[in-house]
Amino acid sequence: MAEPRLLVDLYCEDRGHEEFSRALIQRLAGEEQTPIRLRTQNSVGGHGRAVTEFRLWQRKVVKGLSERVPDLLVLVIDGNCKDWGSAHKELRAVVDSSLFPHFVVGCPEPHVERWCFADPESFKMIVGQAPPADPGKCERLCYKNLLHRTILDAGQPILTTAMEFAPDLIEAMDLYRAGKNQRSLGHFVDELRQALRRLA
């Protein structure tokens, strides 16, 4: 008989969030020895559209028009220029907890590319160059451009986007150190780990 697996649905803002989040979920599930089946429900649209589309998808699930309700929902959308607490609270309020009793919200502050720099040692090992100083800005393309430029400056080719490096960075990352450096990532890791333990 096949080993039962937790069904995890990932709903995120764009492809970069998916690259990072899938790798992190799979790593933590492996560490917790929890077999999962991971489905991506959305990875396009940007912040505003992602929230709107999530509400629509959630209604489809309520009406039974979607596939099986997951054991765990993971929603990942940038905080943009809001502080983590406010952005996280707003996103949690969007989720229908009667439909998804087990859910985790990832809210990069301000953008997911910043999480790639969270552990400088593993970043240097994977990319071949230490990450630059964190500018501490919330400008829309600041971290996206910084990640892209740093990878190219290290002599690494980018085939699609700079976030293609996210799975390798996650695999090498010291998650404790990364969570200390980027608190929004630390919260996400802690919540994911706790959810997987509860559901195991």
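Please refer to the structure higher up on the page.
We now turn to the structure provided with this report. In this convention, every chain numbers its residues from 1, walking through the sequence in written order. The predicted nature of this model means local features are confined to residues of pLDDT at least 70 and side-chain atom pairs, given and counted, to a pLDDT of 80 or more, with totals for whole chains, interfaces and linings taken over all residues. Computation of side-chain values: all heavy atoms of the structure, hydrogens and water removed.

Examining the state of the cysteines
Threshold: Note on disulfides: each one is a pair of cysteine sulfur atoms within 2.5 Å. Going along the chain from the N terminus, every DSSP run of H or I of four or more residues is numbered as a helix, and every run of E of two or more is numbered as a strand. Residue exposure (1.4 Å probe, protein chains only): buried if accessible area is under 20% of the type maximum, exposed if over 50%, otherwise partly exposed.
Per the stated rule, a full pass over the model turns up one disulfide. Residue Cys81 pairs covalently with Cys138 via a disulfide, S to S 2.3 Å. Torsion about the S-S bond of the Cys81 and Cys138 cystine: about 100 degrees, corresponding to right-handed handedness. In this pair, Cys81 sits in the loop between strand 3 (72–76) and helix 3 (84–94) while Cys138 sits in the loop between helix 5 (120–127) and helix 6 (142–153), placing the two residues 57 residues apart along the sequence. For Cys81, a relative accessible area of 53% corresponds to the exposed category. The exposure class of Cys138 is partly exposed, given its relative accessible area of 34%. The structure places no disulfide on Cys12, whose sulfur is separated from the nearest cysteine sulfur, that of Cys107, by 13 Å.

Some points on the sheet that holds strand 4 (residues 103–106)
Rules: In short, DSSP must find at least two bridges between two strands for them to pair. To get an axis, a line is fitted to the C-alpha atoms, and for a helix only the part in contact is used. The angle between two axes follows their N-to-C directions and goes from 0 to 180 degrees.
Overall, parallel pairing links the four strands, which are arranged 2-1-3-4 in an open sheet. The outermost strands of the open sheet, each flanked by one partner alone, are strand 2 (36–42) and strand 4. Ignoring which end each strand starts from, the neighbouring axes of this sheet average 20 degrees apart. As paired elements, strand 1 (residues 6–12) and strand 2 share six bridges and run parallel to each other.

Observations regarding the packing of aromatic side chains
Using the following cut-off: When the centres of two rings from Phe, Tyr and Trp lie within 6.5 Å, Trp using its six-membered ring, the rings pair. Their planes under 30 degrees apart give stacked, over 60 give edge-to-face, and anything left gives tilted.
Per the counting criterion, the structure on display carries seven aromatic pairs. A ring pair is formed by Tyr11 and Phe54, whose centres lie 5.1 Å apart and whose planes are at 75 degrees; its orientation type is edge-to-face. Note that Tyr11 is positioned in strand 1 and Phe54 in helix 2 (residues 46–62), a separation of 43 residues in sequence. Relative to Trp57, the ring of Phe54 has its centre 5.9 Å away and its plane inclined at 45 degrees; by these criteria the two rings are tilted. In this pair, Phe54 and Trp57 both sit in helix 2, three residues apart, roughly one turn of the helix. For the pair Phe54 and Trp57, one class covers both residues: buried. Among the aromatic residues, ring-to-ring pairing joins Tyr11, Phe54, Trp57 and Phe100 into one connected group.

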